[in-house]
Amino acid sequence: MKYKVKLEIFEGPLDLLLYLIKKDEVDIYDIPIAKVTDQYLEYLEMMNMLDLNIAGEFIVMAATLMQIKSRMLLPVEEMPQDEMEEEDPRSELVRKLLEYKKFKEVSDKLAEIEATTSQQYTRKAEERPLPEIEDESAFFETSIFDLLSAFSKILKDIPKDTFYKVIKDKFTVADKIHDIVHMLVGQPRIYFGNLFKKAGSKFEIVVTFLAVLELIRLKEILIVQEEPFGEIEIIRNPNSVKQTAQSET
């Protein structure tokens, strides 16, 4: 595919590891390194398939995980004497994760305070009323990794014959962006999975997903969930709607 998405919305490799740990309800102090490594590599494979612009640090972390995995799988009697007395091979990774987790919690709290403060303003009398937007308090913004996870499941659930259909019509990311925005004009929310139900080929599925990523990058839409790891919904970004309405006044 010629279209290449350059995203600034991707979090780092530690975010992905924390996501996998939380998703599988794993004890961060006793990470099943083999399972987590395999899942991490699956996400990297998905990013490569989508031709995403992956930071080198993701590759470095993959190498680190595989090294830890190999050390964990090596029988104790076959380990070098100097390594037998060393601490758990996962210890350094756990320390980094715990430190980063604390940093993220503080960062998220500050962002929450900033968001609350930014909403405290007085609308000027001459401004045109903005479009009504549903109360989003029951929802929270979804991780990009949740989106990749949902997309992976969609690919696995699509009938195999869908991947090999010969489609005469060619789809572009721009076309799919227009379709998604048009859908959101008529309804406030779209279930993520519904975007792919009428897809006739793997190419169309991938292009549709890239369109979603591009709309996120452009801050035109938000991906939200009612609960952690729940069904993903797509809504218009209220700030984008606000800016559009103000520009028309």
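See the structure above.
For clarity, every value in this text was computed on a predicted model and none was experimentally measured.

About the criteria used
Residues numbered from 1 in each chain as written. Predicted model: local features only at pLDDT ≥ 70, side-chain atom pairs only at ≥ 80, totals over all residues. Heavy atoms only, no water. Helix = DSSP H or I, 4+ residues; strand = E, 2+ residues; numbered from the N terminus. Buried < 20%, exposed > 50% of the residue type's maximum accessible area, 1.4 Å probe, protein only. Contact = heavy atoms within 4.5 Å. Areas by Shrake-Rupley, 256 points an atom, 1.4 Å probe, with all protein chains shown as cover. Pairing = 2+ DSSP bridges. Axes fitted to C-alpha atoms, helices over the stretch in contact; angles between N-to-C directions. Parallel < 35°, antiparallel > 145°, perpendicular 65-115°, else oblique. Left-handed = near helix turned anticlockwise from the far one by under 90°. Nonpolar A, V, L, I, M, F, W, Y, C, P; charged D, E, K, R; others polar. 1 Å grid on protein atoms, 1.4 Å probe; cavity = no way out; pocket = protein on both sides within 12 Å on 5 of 7 lines; lining within 4 Å. Points joined across faces, edges and corners; volume = space filled by probe spheres on them. Core = buried A, V, L, I, M, F, W, Y, C linked by side-chain atoms within 4.5 Å. Phe/Tyr/Trp six-rings, centres within 6.5 Å; stacked < 30°, edge-to-face > 60°. Polar contact = N/O pair within 3.5 Å; in protein donor to acceptor, adjacent residues only side chain to side chain.

Caption draft 1: Summary view of the overall build of the protein. Looking only at helices and strands, the protein features ten helices and four strands. Across the 249 residues in the protein, those meeting the buried criterion constitute 37%. Counting contacts in the protein only where the partners sit at least 6 residues apart, residues at least 24 apart contribute 74% of the total. Total accessible area computed for the protein in this model is approximately 15900 Å², and 52% of it derives from carbon and sulfur atoms.

Caption draft 2: Representation of the pairing of strand 3 (residues 221–225). Counting buried positions along strand 3 gives five out of five residues, so the element sits mostly inside the fold. In the sheet, strand 3 pairs with strand 4 (residues 233–236) via four bridges, with the strands oriented antiparallel. Paired with Leu222 across the two strands is Ile235, which belongs to strand 4.

Caption draft 3: Broad picture of the packing of helix 2 (residues 33–49) against helix 3 (residues 56–73). At a closest axis distance of 9 Å, the pairing of helix 2 and helix 3 adopts a crossing angle of 155 degrees. Taken together, helix 2 and helix 3 sit at an angle that is classed as roughly antiparallel. Helix 2 and helix 3 meet at a crossing whose hand is left-handed. Residues Ile33, Ala34, Thr37, Asp38, Tyr40, Leu41, Leu44 and Met47 of helix 2 form the contact with helix 3, whose participating residues are Glu57, Phe58, Ile59, Met61, Ala62, Leu65, Met66, Ile68, Lys69 and Met72. Considered class by class, the residues forming the contact of helix 2 with helix 3 number 14 nonpolar, one polar and three charged.

Caption draft 4: Structural view of the layout of surface pockets. By volume, the second largest pocket amounts to about 830 Å³. Lining the second largest pocket we find 30 residues, and of these Leu148, Ser149, Ala150, Ser152 and Lys153 sit closest to its centre. Counting only elements with at least two residues in the lining of the second largest pocket, the list comes to helix 1 (13–23), helix 2 and helix 6 (144–157). The residue makeup of the lining of the second largest pocket, split by class, is 14 nonpolar, six polar and ten charged.

Caption draft 5: Unusual backbone geometry, seen in detail. Of note in the backbone geometry, Glu25 takes a positive phi value of approximately 55 degrees without being a glycine. With respect to the secondary-structure elements, Glu25 resides in the loop between helix 1 and helix 2. Using a relative accessible area of 74% as the deciding quantity, one classes Glu25 as exposed. Non-glycine residue Lys219 carries a positive phi angle of around 60 degrees.

Caption draft 6: Summary view of the nonpolar core. Of all hydrophobic cores here, the largest spans 58 residues; its most connected members are Tyr40, Leu147, Phe151 and Phe192. Only helix 1, helix 2, helix 3, helix 5 (91–118), helix 6, helix 8 (173–186), helix 9 (202–217) and strand 3 provide two or more residues apiece to this core. Of the residues forming this core, the biggest block, ten residues, is contributed by helix 9.

Caption draft 7: Structural view of the environment of Asp179. For Asp179, the position within the fold is in helix 8. For the pair formed by Asp179 and Leu195, sequence separation is 16 residues and the distance between their alpha carbons is 9.7 Å.

Caption draft 8: Region of the structure containing the packing of aromatic side chains. Within this structure, the stated rule accounts for seven aromatic pairs. Where Phe192 meets Phe196, the ring centres are 5.1 Å apart and the plane angle is 70 degrees; that geometry is what we call edge-to-face. Like Phe192, the residue Phe196 is buried in the burial classification. Judged by relative accessible area, which is 2%, Phe192 ranks as buried.

Caption draft 9: Examining the side chain of Gln225 more closely. Mapped onto the elements of the fold, Gln225 is located in strand 3. The exposure class of Gln225 is buried, given its relative accessible area of 1%. Among the polar contacts made by the side chain of Gln225, one reaches the main-chain carbonyl oxygen of Gly230 at a distance of 2.8 Å.

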